Amino acid sequence: MNNRLQLSLTLDYELYGNGSGNVFDDVIEPTKQLLILCDKYNVKLTIFFEVVEYWKLEEEWLNGNNMGYAKNPAKAMQQQIIDSYLKGHDVQLHIHPQWINGKYKNNKWILDNNWCMKDVPLKDNSFGIDLYSLIKNGKETIENILKPINKNYKCNIFRAGGFNILPSERIFPILKKLDF
């Protein structure tokens, strides 16, 4: 009989749900410390990469808004994801819909109240994106980051922000179609 404990260690790779926090202090550095512990104990981690937040950080930076950062936060996140993957950790998709229409104003993120995947329309009705495109683009973003390192990498696990995936009958066919 095997008495060894088996568990999955996961990390939601994101700022706080309201957009507050500092990418370097609240995402990069804690993840670095956790990865050091994982390496010490030979534990592998699944990092659930919040792609919409990443898109927004990248968009602001590319539009010339440094958001108070000395270095590009999206680039730092991307590099940490690559480094983590190279050490054998897994990286998968995580989405908080409240970031979709997020705006950076007056030195802070203003997010909307669309906290649940059910708030993302099946067809874009001026929301900014439809549900299928959101999940597809998120999957492709992560694959575009990691496939140059491993052409066989597949983003095939999805975790909805706050586990807000209900009603599932809207999302499961999309996940199945996208090979999750």
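Below or above, wherever it landed, is the structure these notes cover. Not measured: the values here are computed from a predicted model. (Residues numbered from 1 in each chain as written. Predicted model: local features only at pLDDT ≥ 70, side-chain atom pairs only at ≥ 80, totals over all residues. Heavy atoms only, no water.)

Attention now goes to the packing of aromatic side chains. Scanning the entire structure with this criterion turns up 7 aromatic pairs. Geometrically, the ring pair formed by Tyr13 and Phe49 is tilted, given 5.7 Å between the ring centres and 50° between the ring planes. Of this pair, Tyr13 sits in strand 1 (residues 9-13) while Phe49 sits in strand 2 (residues 45-50), and the two are 36 residues apart along the sequence. By the burial criterion, Tyr13 is buried, and Phe49 matches it. Taking the ring centre of Phe180 as reference, the NZ or CZ of Lys139 above it sits at 4.8 Å. Against the face of Tyr132 rests Lys177, its NZ or CZ located 5.0 Å from the ring centre. (Phe/Tyr/Trp six-rings, centres within 6.5 Å; stacked < 30°, edge-to-face > 60°. Helix = DSSP H or I, 4+ residues; strand = E, 2+ residues; numbered from the N terminus. Buried < 20%, exposed > 50% of the residue type's maximum accessible area, 1.4 Å probe, protein only. Lys NZ or Arg CZ within 6 Å of the ring centre and 35° of its normal.)

It is worth spelling out helix 2 (residues 51-62) at this point. Taking 1.5 Å per residue as the helical rise, helix 2 with its 12 residues ought to reach 16 Å, and the 16 Å between its terminal C-alpha atoms agrees with that figure. Listed in full, the buried residues belonging to helix 2 are Val51, Val52, Glu53, Tyr54, Lys56, Leu57 and Glu60. Capping the start of helix 2, Glu50 holds a side-chain oxygen 2.7 Å from the backbone nitrogen of Val52, two or three residues further along. Gly64 lies just past helix 2 and shows a positive phi near 90°. (Expected span 1.5 Å × (residues − 1). Polar contact = N/O pair within 3.5 Å; in protein donor to acceptor, adjacent residues only side chain to side chain.)

In this structure the tally under the stated criterion is 0 disulfides. Free cysteine: Cys38, not disulfide-bonded; nearest cysteine sulfur from Cys155 at 19 Å. For Cys38, a relative accessible area of 3% translates into the label buried. Note on Cys116: no disulfide assigned, nearest cysteine sulfur contributed by Cys155 at a separation of 20 Å. (Disulfide = S-S within 2.5 Å.)

A word on unusual backbone geometry. Backbone phi values are negative for most residues with the exception of glycine, while trans is the configuration of most peptide bonds. The backbone phi angle of Asn106 is positive, close to 50°, even though this residue is not glycine. Structurally, Asn106 is set in the loop between strand 4 (103-105) and strand 5 (108-110).

For His94, the position within the fold is in strand 3 (residues 90-95). Here His94 falls in the buried class, since its relative accessible area comes to 0%. Side chain to side chain, His94 and Glu14 meet in a polar contact 2.8 Å long. Excluding residues within four positions of it along the chain, His94 makes contact with Asp12, Glu14, Phe48, Phe49, Glu50, Val51, Arg159, Ala160 and Gly161. (Contact = heavy atoms within 4.5 Å.)

Let us look at the pairing of strand 1. Two elements, strand 1 and strand 2, share 5 bridges in a ladder whose sense is parallel. Within strand 2, the residue paired with Asp12 across the bridge is Phe48. Viewed along the sheet, the connection from strand 1 through helix 1 (residues 23-40) into strand 2 turns out right-handed. (Pairing = 2+ DSSP bridges. Right-handed = clockwise from strand over helix to strand, strands pointing away.)

The final tally for this structure, using the stated rule, is 5 salt bridges. In this structure, Asp39 engages Lys87 in a salt bridge whose closest nitrogen and oxygen atoms are separated by 3.4 Å. Here Asp39, found in helix 1, pairs with Lys87, found in the loop between helix 3 (73-86) and strand 3; they are 48 residues apart in sequence, far enough to count as distant. Classification of Lys87 as partly exposed rests on a relative accessible area of 45%. Note that Glu143 and Lys139 form a salt bridge whose closest N and O atoms lie 3.5 Å from each other. Taken together, the positions of Glu143 and Lys139, both in helix 4 (residues 131-146) and 4 residues apart, correspond to about one turn of that helix. By relative accessible area, Lys139 is classed as buried at 12%. (Salt bridge = Lys/Arg side-chain N within 4 Å of Asp/Glu carboxyl O.)

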